[in-house]
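Okay, here's what each chain looks like letter by letter:
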Amino acid sequence: MSAAQLYTKYTRVWIPDPDEVWRSAEIIKDYKEGDKSLQLKLEDETLYEYPIDLPGSELPFLRNPDILVGQNDLTALSYLHEPAVLHNLKVRFLESNHIYTYCGIVLVAINPYEQLPIYEQDVIYAYSGQNMGDMDPHIFAVAEEAYKQMARDEKNQSIIVSGESGAGKTVSAKYAMRFFATVGGSASETNIETKVLASSPIMEAIGNAKTTRNDNSSRFGKYIQIGFDKRYHIIGANMRTYLLEKSRVVFQAEDERNYHIFYQLCASSSLPEFKDLGLTCAEDFFYTSQGGDTSIDGVDDADDFEKTRHAFTLLGVKESHQMTIFRIIAAILHLGNLKIQGERDGEVCSISSEDEHLSSFCSLLGVEHSQMQHWLCHRKLVTTAETYVKSMSLHQVVNARNALAKHIYAQLFNWIVQHINKALHTTVKQHSFIGVLDIYGFETFEVNSFEQFCINYANEKLQQQFNSHVFKLEQEEYMKEGIPWTLIDFYDNQPCIDLIEAKLGILDLLDEECKVPKGTDQNWAQKLYDRHAASQHFQKPRMSNTSFIVLHFADKVEYQSEGFLEKNRDTVYEEQINILKASQYQMVADLFQEEKDAVPATAVAKRMPRINVRSAKPAFKAANKEHRKTVGHQFRNSLQLLMETLNATTPHYVRCIKPNDEKLPFKFDPKRAVQQLRACGVLETIRISAAGFPSRWSYPDFFNRYRVLMNKRDLSKNDKKQICQTLLEDLIKDPDKFQFGRTKIFFRAGQVAYLEKLRADKFRAATIMIQKTVRGWLQRARYQRLRRATLALQRYARGHLARRLFQHLRRTRAAIILQKQYRMLRMRRAFLRVCSATLTIQAFARGMFVRRIYHQMLMEHKATILQKYARGWLARVRFRRAQAAAVVLQCHWRRLRARRQLQALRIEARSAQHLKKLNIGMENKVVQLQRKVDEQNKENKLLNEQLSMLTSAHSSEVEKLKKELQQYQQTQQGDGKQLLSLQEETERLRMELERAHGEREVLEDSHGKERDLLRKRICDLEEENALLKQEKEELNSRILCQSEDEFARNTVEENMQMKKELEEERSRYQNLVKEYASLEQRYDNLRDEMTIFKQTPGHRRNPSNQSSLESDSNNPSICTSEIGDTEDVIQQVEEIGMEKAAMDMTLFLKLQKRVRELELERKKLQAQLEKKEQESKKSQVNEIKTEVTSEHEDFAYNSLKRQELESENKKLKNELNELRKAIADHATQNNSNDVQDGYNLLLNQLKSANEELEVRKEEVLILRSQIMKAAQQKETGKNMESISPNASWPNSDRHVDQEDAIEAYQGMCETNRKTEDWGYLNEDGELGLAYQGLKQVARLLEAQLQDQRREHEEEMEALKNQVDLMQEELEKQQQAFLQTLQLSPEVQVEFGLQQEITRLTNENLDLKELLEKLEKNEKKLKKQLKIYMKKVQDFEASQTTVPVERRPHERNMQVAVQRKEKDFQGMLEYYKEDEPLLIRNLITDLKPQAVSATVPCLPAYILYMCIRHADYINDDQKVHSLLTSTINGVKKVLKKHQDDFEMTSFWLANTCRLLHCLKQYSGEEGFMTQNTAKQNEHCLKNFDLTEYRQVLGHLSIQIYQQLINIAEGILQPMIVSAVLENESIQGLSIVKPVGYRKYSSNAGDSSYSLDEMIRQLNTFHSIMCDQGLDPEIIQQVFKQLFYMINAIALNNLLLRKDVCSWSTGMQLRFNISQLEEWLHGKNLQQSGAAQTLEPLIQAAQLLQLKKKTSEDAEAICSLCTSLTTQQIVKILNLYTPVNEFEERVTVAFIRNIQKQLQERNDPPQLLLDFKHMFPVLFPFNPSAITMDSIHLPASLNLDFLNKV
C-alpha cells in the first residue's frame, strides 16, 4: 500500500524530540505524493509542520493502534520500530507497573528500584508447568521454559542475564536460581539447592560494591552451572567467574565503596574473635575511605556479615579457614595504611620498622617482618651477568603495594570460588545442566579504560551469538510453517570482533607492546593508528593522540590508552610473592602456590598474571612463561570457552534495563532507556523480526478477530483457512506482505495495523450506519411522540383556552354585574356617607352656628344683663336722683295732677257706662289667651317627642358614618402606605440579598473551615466518647466481674481460650497426620528403592522390606507394631545409608528413643509377671504336696487373694479415670505449652498404668483358674464322700445363662472323658456323671425361670411405657381438640383432616415396619430351621457310630442343649485363622460396586459386629488383632489406589462409620443420647477402645487428605480453562490481545468447559453420597475444593493480562453463578464453599465496574473487601481493553485507589495459597440402623462368619 493510504488524516505518528526522544503527533491533513511537509498536531494541541523534503528526512514512524499498546511481547506490535518499543515499555512500566516484557525470545526486565510482591513461593508454583506465553512475562517464566526444554529436549540450557550496572542483573539471576532450587529440589538430603542459594551472599560480599549507579553492583561476571540428574533434581553446581575488578581494592571514585566484605568486617570488629585483627571503623583505612561515605542507606553491614559467615558454614568452610580469610582481608586493609617515607626527592623510600600497620600485616599473614619491610621498598634486577637490588621511588613503591594488595585479594577470591565449587560438587553423574550467566552489559563512560574495553569486547561476542540465535529461530519457524525462506540482512559484528581479537588486532598489539621493555601507552596507541586507520570500526580522535575510538554494535566508544599496558601486565614482584609463599599459615602459602595444570576456564581473575623480575635461570623459564600471560590473553581464552559452552546449549536471554540514574522507584528516563535498548540488542531483535514476518496469527484467532471484514458468502464455508486466504487476497493486494503457513498466517510489519485500521473503519462505518438508523428511528419516534404530544397539547390547550374564554366571559359578565352592584353599592354608600356627612356637617355646622349665635346671644344676654344691672344701677342711681327729683316733681306734679285727675275721675267715676265697656273686652281676651296656651303646650309635647326620636336616630347615624369614614380614610392611607412600604421593603431586601450573597460566600468559606474543624473535633469527641464508653464498659465489666464468682469467670475465659487452642491443636494435629502420611510414603519409596538395589544375584532379601502395614498386623499391640516399624526403618537406614532415607531423622530418632523406652518397660513388666507366675506356681505345688490336710484354708486364702487382686484392679481403673480427668482439667487450666508438657507426663503415666492393668488382669485370670481347679477338686472330694438328699448347692441361687450352662456342661463332659478322677467311686463314672447332669439341669431350669421372670418384668415395663405413651397421646389430642374448638368451622375441618392424614400415615409406617420385621424374622426362622435340620441330620448320622457305653452321656447332652431359641443379637463369630480371609474379602479385595446395592458403609457394620463378638467373649487379643489388621488393610488399599477417588471416598465413609459405631456403642452416656433401647443392648461390655478410636481418627484425617489431593489433582487442570477461558455466554467472545506469540514449543493444551467441571463435581458428590459419607464431611470436602478453585483462578487472573477485561469479568461472574447454583442445587449452601469464592466474585465485579471518577474508586474500595490492596491494584494495572471502544485505567485512578486503601492492614503476599487446607472436623453422627437388621450379601464370600 502506498504512503498516501497510510498517512491520512487522524493517523498518529512519532517524531523525534530532544527531551523525550520520540513524541507523538496526529496528522491533520492527508499526505499526498510530492508534499514537502506533514501538517501535524501535537498532544498539547499545538500545530507543527514536519519537513520531509530535507536531506535525510523521511516520513515519520507510524504509531500503533491503542489496542496494541501495552503488549506483553514487543514483537506483537504491528509497527516494529524504536519509538513503538520505547512507548510500549513506558506504558507497561509506568501505568501498569509491569517490569517484565517479552521481546521475542528476550525478556526485558526494568529495575523498579522497589521491592515487589511477585517473587513469593506461590508465584513460583503458579508459573511452574505453564507455557511461556500463557502468563504475564516474568523471570520465572523464562526459568520454567529453560527447565521444561531441558526435560523435554534433553539438551543443556543457558540463561544469559546482561545489562549495565544497576539494572538488576544479579537479582534476576538470583531469582532464576531460586526458581530452579524450588522446582528441581534435590532428591537426596544433601540440600544442594540450599547451598546454591547460600553461595549468593558470599559472592555478593566479596564481589559486589557500591557504585554511583548501583548500591550492590557486581564487579565481576559469573556463570553458574546447575547440574541435574535423570529425574531432573538438582545434584550439584559449578561457578566460573570473569574479570574481577581488582583496581577497586586500592581505589574508589567519589561516592563509591570498596567490596562489601571490607566494611562488613570493620562493622563486626568489636566481636571477641576479631580482636586480634586490629581493625577499627572503615573510615580509618585508606582502602575503604577514598569514596567518602562508608555506609549505605538501609544496609546493616554487621547483619550482612553474619549472613556471610552463616553461608560459609553452610557451604562447609571450616571455622579455621574462615578466620584465615578474615585475617587476609584485614591484612589488605593494614597494607593500605602503610606509611611510606620518601627520601632524596622521592627517589628512595623506606618503611619504619615500628609501623603498627606493617606489624599487623605481617602477623596476620604470618610472614617475616624484616623481609616484607625490605622488599616493599626494593626490587631485584636480573641481567645476564649479575643480579642486584635497587631501591624504588615513592611512586613505584605505592604501585607495588597496590599491586600486591590486588593480587592477594584476587587469589583469595579465586580460593573462595574454588571452595564453593567443591561444596557444590557431586559424585553423581550429571545428566544435564542449566547455566545462568550474570555478566556486565555494554558500558560507556566519560573516561573509558581497559576494564570497559574488555567488557564491551565480551558484549560484542555475546551479541554475535545472540544475533545468530535469533536468526536461527526465525529460520526454524519459517521452515516449520513452510514459508519460503529469504535471507534477512542483519547486523554482523564479526568485523568489530576481528578488530579486537584477530591477528595483529588490538589485543595482539597490546600484548606485543607489553613484551617490549620500554613499551608505553603512547607507542601502543600510535601502532593502533598505523595498523587500523583504514578499518571501518576504528577511528582516531581529532584532538587526542593517546585515545582511540571503536565503533561497537551499540555505540562508538572512545578509550584512553593510559593505563592499558599496566593493567594488562598486572605486575607483581616475585620477591613479595615468595615471602607470602613462606607464610607460617598453610592457607596463605597455598594461595600463592603455582598450579601445574592450570585450567583457564575456571575464572578470568584466577591466578592473575604478573611479570616476575628474577635472574635468568633455565629452571624457571618454563614456569615464568605461563606466569606471564597477560590479562587480555586470559580473558580472550576464557571468553572463548564461555562462547563454546553457550553455543552448545539452548540460550535464553534476559536484558536488564536501568530506568533512571537517580535510583528512584518507577521513574522512566527515555534517553537512558533508549541507550540501553540499543546496547543490549533488543532493537536489533526488533529489526530482525521486522525484516521478516513479525506478526503471526493462527487461523482460528485471525478468523475470530477479522470475521467482520468477511462477506456472508465466505462465512458460509466450513474451511476457515480458505476463508482467511480469500479475505487476505482481497484486502492486501501485495502478496509479499503476507504468507500462509501450515498453522499460522505471517504478516510483514504494519500489515496488522492496516487490518486493524480496516476493521476499525468497518466498525466505524457499521457504527455510523447503526447510529444513522438508530438516530433516524429515534428522531422519527421522537417526532411521532412530539406530534402526538403536540396534538394532545393543542387539544388540551384549545379546550383550555375555550374553557378559559368562557370562564372569562362568564367572569366578565359576573364582574359587570358585580361592578354594577358594587358601584351602585359603593355610590350609594358614598352618597349615604356624603349625605350623612353633609347632614352631620350641616348638623354640626348649624349647631355650631346656633351655638355660636347662642353664645353670642348668651354673651349679649349676659352683656345685656350686665348692662341692665349697670344701667339699672346707674338708672336707679339716676332714677333715684331723678326719682327723688321726680318724686319731688311728681309729688308736686301728681299732687297737682292728682288733684286735677282726682277731680276728673271723680267726675268720670261718677259715670257708669264707661265702666261697662271696659269689662266686656277684657273677658274675651282672657279666653283666647287661655286657648292658645293649651294648644301650644300640646304642640310642644309632640315636638319634644319627635325631637328625641330624631336625636337618637341622628346620633346613631352619625356614629355609623364616623366609623365608615374612619375605615375609608384608613383604607386610602393604608393602600398608599402599603405600596410605599412594599417598594421600600423590596429595595431593602435587594440590598440585604446582595449583602447576604457576599456574607454567604464568606460564611461558606468560614463554614467549610469550621465544618472541617467541627468534623475533626466531632471525630475526636466521638473517639474520646468511644474511649470513655469503652472505659465505662470496662469499669462496669470489672465491677460486675469483681462482684461475680472468681472461679466461674476464670472457667469461662479458660474455656474460650481452650476452644481456640483446641482448634489450633486440631489444625496442628492434622498437619502432623499429613506429615506422617508423607513420611510414610517416603518410607515406602525408600523401601522400594532398597528392594531394587537388593535384587542382585547372590544377595539375600531382608525381611525388613516388608510393609509396615504387614508388620502391624503381626504384632500383638499398637506399641509393638510401632516398634516393629521402627526396627525395620533402622535396618533400612543401616543397609541403604543415610542419604537414601527420605524421612525426617530428628523425628525418627525421637520415635526410636520413645519406642526403646516402651520396649524396656514392657520387658520389665513381662519379667515381673513371669516371676510372679513362677512364684505362684511354686507355692501352689508346695501347698498341694505338703499341706493336703489344709486345702480348705488354702482355698480361703486364694479367694482372699483373688478378691485383693480384683480390688487392686478396680483401684487401677479408678486411678486411670482420675488420670483422664486430670488430663482434661489440666488442659482447661493451662496454656498450650503447659498442656503439651502435662499431656506428655500424664500420657506416660497412663501407658504405665495400662500396662500394669494388663499384668494384673493376667494374674487374676491365672489365679481364678487355679482357684477353680482347687475348688472343684475339694468339692468333688466332699460330695463324693457324702452325698445326701439334703445337700445344698451354694451356686444354685445364682443366675446362670443358658449358653454358659451348656458350655460348662460340655466342658465338664470333656473333662470327664479325659480324666479318671471319678474312678474311685465307680469304674464307669455313671454316678458322678448323673450327679453333674442333674446339677446342670437344675441350673438350666433355674436360668429359664429367671429368664421368664425377666421377660415378664420387661413386658410390664413395655406395657407401662405404652400406657404412658397413650396418656401423652391422649393429652396431646385433648389439647388439639381444645385448640380446634377455638377455631372457625372451616379451619376445624381442615385441621381435622390434617390430623387424620397424619395419624393414618403414622399407622401405615408402623404397619410397614412391623411387616418388614415379620419378614425378617420369617427369613431368620427359615434359616435357623435349615441349620437345625442339618444339625439333626448330622446328629442322627453320628449316633450310629457312637458306642453303647456313651449313650447316657449323649442323653445328658441332649437334655443340656434343650434351650429356647434366641434372635440374631447383631454379632458375628469367626475363627482366628479366618481373620486374614476376612480382611482380604472385606477390605483388600473389596470393590465399592460389590456393596453399592446394600446398606451404606456395610463393611464398617460387619467389622463392628465382629469386634462386638470378640468383646462379648472377652477376647482382647482378638479385638486387638482385628482392629490392627483392619487399619493396616485400609492403609494397603489406600496405598494401592492412591489416585482412585471412589475407593478413597469409600474407605473414608467406612472408617468414619466404624469410628461412629465405636463411639455410639461405647457405653459412654454422651454418645448414647440418640440410641434406641435395642441399640443400647449392642454396646460393648468389656473393653474400652478409646485408643483405637484415636487411631481411627488419625486414619480418617489421612484418608480425608488423600481424598482432597486426588480431587484437587483431577480438578486443577480444569480450573483455568473452565472458569477463566470457557465461553459459557455465547456471543461474548473473550478476545486475546492481537498478535500474541508463544515461543514455547509445547503441544496444544487441552481445554475444559465449565460443564465438564460441574459434571466432575457431580461425580464427586454422587460418589460420596452413594457411599454414605457424612454430610458434614461432604460439605468440608467441597469447601476445600471451592477454595482451591478460587485460589487457582484468582492467582491465574492476577498473573495474566489477556484475561483482565470487561468481557472476562462478565464471563467469570456467569461461571461463578453457575457454581453457586450448583451448590444451591446440592444443598451445600451452609458448607461455606460459596464464601470461599468471594475474592473471585469481587475480582469479576472489579473488572466490570466503571473506573473513572472518585465515586467509582469509593465504590471499588467498599465492594472489594475480600481482595487485598495489592490484588486490587494488580487487577487494575492488568486491565486491558479488548477493543477500541474501551478505555484504560488511568494512573491517577489507581493512585486514588491506593490512597483510599492505605489504611488497610492487608497481608503482603499477592497470590493466595492454593495448598492451604482447612482443619477437618468429624462430628459424631450416630446410625439409626440396628446390628441385628443387617443382612450379609453372598457376594462378599463371608460364609465363615456365623451369626450369634
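The following paragraphs examine the structure supplied in this document.

So, how was this worked out
Throughout, residues of each chain are indexed from 1 in the direction in which the sequence is written. Reporting of local features is limited, given that this is a predicted model, to residues whose pLDDT is at least 70; pairs of side-chain atoms are given and counted only at 80 or more, and all residues count toward the totals for whole chains, interfaces and linings. The side-chain figures draw on all heavy atoms in the structure; neither hydrogens nor water molecules are used. Secondary structure is summarised from DSSP: a helix means a run of H or I of at least four residues, a strand means a run of E of at least two, and numbering begins at the N terminus for each. Working definition: with a 1.4 Å probe on protein chains only, accessible area under 20% of the residue-type maximum means buried, over 50% means exposed, and in between means partly exposed. Working rule for contacts: check all heavy atoms of both residues, and any pair within 4.5 Å makes them a contact. Side-chain atoms within 4.5 Å link the members of a nonpolar core, which is a set of buried Ala, Val, Leu, Ile, Met, Phe, Trp, Tyr and Cys residues. Two strands make a pair as long as DSSP finds a minimum of two bridges between them. Helix axes are fitted only over the stretch in contact, all axes being lines through C-alpha atoms; the angle between N-to-C directions runs from 0 to 180 degrees. What sets the label is the angle itself: under 35 degrees gives roughly parallel, over 145 gives roughly antiparallel, 65 to 115 gives roughly perpendicular, and the rest give oblique. Here a crossing is taken to be left-handed if its near helix is turned anticlockwise relative to the far helix by less than a right angle, and right-handed if that turn runs clockwise. Following the grouping adopted for this structure description, the nonpolar residues are Ala, Val, Leu, Ile, Met, Phe, Trp, Tyr, Cys and Pro, the charged ones are Asp, Glu, Lys and Arg, and the polar ones are all others, Gly among them. Helix span, expected: 1.5 Å multiplied by one less than the number of residues in the helix. Exposure above 30% relative accessible area and the absence of a salt bridge qualify a residue for a patch, where like charges join within 9 Å and nonpolar side chains (Val, Leu, Ile, Met, Phe, Trp, Tyr) within 5 Å. Under the convention used here, a 1.4 Å probe and the Shrake-Rupley method define accessible areas, while residue burial counts only the protein chains that appear. Every case where a carboxyl oxygen of Asp or Glu lies within 4 Å of a side-chain nitrogen of Lys or Arg is listed as a salt bridge. When charges are counted, Lys and Arg are positive and Asp and Glu negative, with His and the chain ends excluded. Charge coordinates come from a single atom per side chain, which is NZ of Lys, CZ of Arg, CG of Asp or CD of Glu.

## Looking at the overall build of the protein chain
Within the protein chain one finds 53 helices and 26 strands. Scored against the burial criterion, the 1844 residues of the protein chain give a buried share of 43%. Considering only residue pairs separated by 6 or more positions, the protein chain has 73% of its internal contacts joining residues 24 or more positions apart.

## Considering the side chain of Lys-169
For Lys-169, the location among the structural elements is in helix α5 (residues 169-183). Discounting chain neighbours no more than four positions away, the residues touching Lys-169 are Val-161, Ser-162, Gly-163, Glu-164, Asp-438, Ile-439, Tyr-440 and Cys-656.

## Side note on the nonpolar core
Phe-180, Phe-548 and Ile-1502 are the most contacted members of the largest nonpolar core, which totals 325 residues. No other element matches the 17 residues that helix α45 (residues 1586-1621) contributes to this core. When neighbours within four sequence positions are excluded, Phe-548 is seen to be in contact with Phe-453, Ile-506, Trp-524, Leu-528, Tyr-529, Phe-538, Gln-539, Pro-541, Val-557, Glu-558, Tyr-559 and Phe-564. By size, the runner-up hydrophobic cluster in this structure holds 19 residues, among which are Phe-702, Met-710, Leu-728 and Ile-745.

## Side note on the sheet that holds strand β24 (residues 744-747)
Taking strand neighbours across the sheet as the criterion, the three strands line up as β22-β24-β23 in an open arrangement whose pairing is antiparallel. In the strand order of this sheet, the two ends are held by β22 (695-698) and β23 (738-740), each with one partner. When the angles between neighbouring strand axes are averaged without regard to direction, this sheet yields 20°. Direction of pairing for β22 relative to β24: antiparallel, over a ladder of four bridges. In the strand pairing of β24, Arg-696 is matched with Phe-746. The strands that helix α14 (residues 450-481) touches are β22 and β24; relative to β24, the one it contacts most, it runs at about 130°. Here helix α25 (residues 699-706) sits on the sheet and contacts β22, β23 and β24; the angle it forms with β22, its principal contact strand, is near 95°.

## Remarks on the packing of helix α40 (residues 1475-1484) against helix α41 (residues 1498-1512)
Their axes nearest at 10 Å, the elements α40 and α41 cross at an angle of 160°. Of the possible angle classes, the one that applies to α40 and α41 is roughly antiparallel. Taken as a pair, α40 and α41 cross one another with a handedness that is left-handed. Across the interface between the two elements, Leu-1478, Leu-1482 and Ile-1483 from α40 touch Pro-1499, Ile-1502, Leu-1503 and Cys-1506 from α41.

## Overview of the packing of helix α16 (residues 506-515) against helix α17 (residues 521-532)
Contact geometry of α16 with α17 gives a least axis separation of 10 Å together with a crossing angle of 145°. Viewed along their axes, α16 and α17 form a crossing whose handedness is right-handed. Residues Ile-506, Leu-509, Leu-510, Glu-512 and Glu-513 of α16 lie in contact with α17, whose contacting residues are Asn-523, Trp-524, Lys-527, Leu-528, Arg-531 and His-532. Here the residues of the contact of α16 with α17 sort into five nonpolar, two polar and four charged.

## Re helix α13 (residues 394-424)
Residues lying three or four places apart along an α-helix face the same way, a consequence of the helix completing one turn every 3.6 residues. With 31 residues, α13 should reach 45 Å at 1.5 Å per residue; the first-to-last C-alpha distance of 45 Å fits that figure. Extensive coverage of α13 is indicated by the burial of 24 of its 31 residues.

## Things to note about the environment of Gly-291
Within the secondary structure layout, Gly-291 lies in the loop between α8 (286-289) and α9 (301-314). Other than its neighbours up to four places away in sequence, Gly-291 contacts Gln-252, Ala-253, Glu-254, Asp-255 and Glu-256.

## Digging into the pairing of strand β3 (residues 37-42)
For strand β2 (residues 21-27) and β3, the ladder comprises three bridges, and the chain directions are antiparallel. From the neighbouring strand, Ile-27 faces β3, where its bridge partner is Leu-40. Pairing of β3 with strand β4 (residues 47-51), which is carried by five bridges, proceeds in the antiparallel orientation. By the bridge assignment, Ser-37 is partnered in β4 with Pro-51. Linkage of β3 to β4, two consecutive antiparallel strands, is achieved through a turn of four residues, within which Glu-45 is found at a positive phi near 70°.

## Quick look at unusual backbone geometry
Positioned with a positive phi, Glu-45 is a non-glycine residue whose angle comes to about 70°. Tracing the backbone through its elements, the reader meets Glu-45 in the loop between β3 and β4. Phi at Cys-1497 takes a positive value of approximately 60°, unusual for a residue other than glycine. By the element assignment, Cys-1497 lies in the loop between α40 and α41. Taking relative accessible area as the criterion, Cys-1497 reaches 5% and is therefore assigned buried.

## Quick look at a negative patch on the surface
Negative charge collects at one region of the surface, where Glu-254, Asp-255, Glu-283, Asp-284, Asp-293 and Asp-297 lie side by side. Locating Glu-254 in the fold gives a position in the loop between β12 (234-242) and α7 (260-267). Glu-254 sits in the exposed class, given a relative accessible area of 55%.

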